[in-house]
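Residue-level structure breakdown
Spelled out, the chains give:
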Amino acid sequence: FHLSMHKLPCFARFSLNFLQGAGQVDGEILETLWASFNKISPTACSMSQYHQQEILDDHMQDSNWKKLVGL
């Protein structure tokens, strides 16, 4: 949500920070996940669709495992 970078009068009127029960989500998290795919994407381009899916799934599972164990 770009309100924090907007005009100051808009912030006080429309900010979700002042609405009870409202929350905020970091919408950039998906971009940080996809950034790691940049390392393998050139190789994956030459693969079949099935092989691409397997490689990307393996890469994401490895990333999730490393986050789970704290690496």
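As a reminder, the structure under discussion sits directly above these lines.
This section reports on the structure supplied with the text.

As a further point, take a nonpolar patch on the surface. A contiguous nonpolar patch, built from Ile29, Leu30 and Trp34 and spanning about 340 Å² of accessible area, is present on the exposed surface. Examined against the element boundaries, Leu30 turns out to sit in helix H2 (residues 29-35).

Moving on to the pattern of salt bridges. Across all of its chains, the model carries one salt bridge by this definition. With its nearest N and O atoms 3.1 Å apart, the salt bridge here joins Lys66 to Asp62. Here Lys66 and its partner Asp62 are both found in helix H4 (residues 49-69), four residues apart, which amounts to about one turn of the helix. Judged by its relative accessible area of 38%, Lys66 falls in the partly exposed class. Residue classification places Asp62 among the partly exposed positions, given a relative accessible area of 35%.

Definitions and cut-offs
- Residues numbered from 1 in each chain as written.
- Predicted model: local features only at pLDDT ≥ 70, side-chain atom pairs only at ≥ 80, totals over all residues.
- Heavy atoms only, no water.
- Patch = residues over 30% accessible without salt bridge, like charges linked within 9 Å, V, L, I, M, F, W, Y side chains within 5 Å.
- Areas by Shrake-Rupley, 256 points an atom, 1.4 Å probe, with all protein chains shown as cover.
- Salt bridge = Lys/Arg side-chain N within 4 Å of Asp/Glu carboxyl O.
- Helix = DSSP H or I, 4+ residues; strand = E, 2+ residues; numbered from the N terminus.
- Buried < 20%, exposed > 50% of the residue type's maximum accessible area, 1.4 Å probe, protein only.

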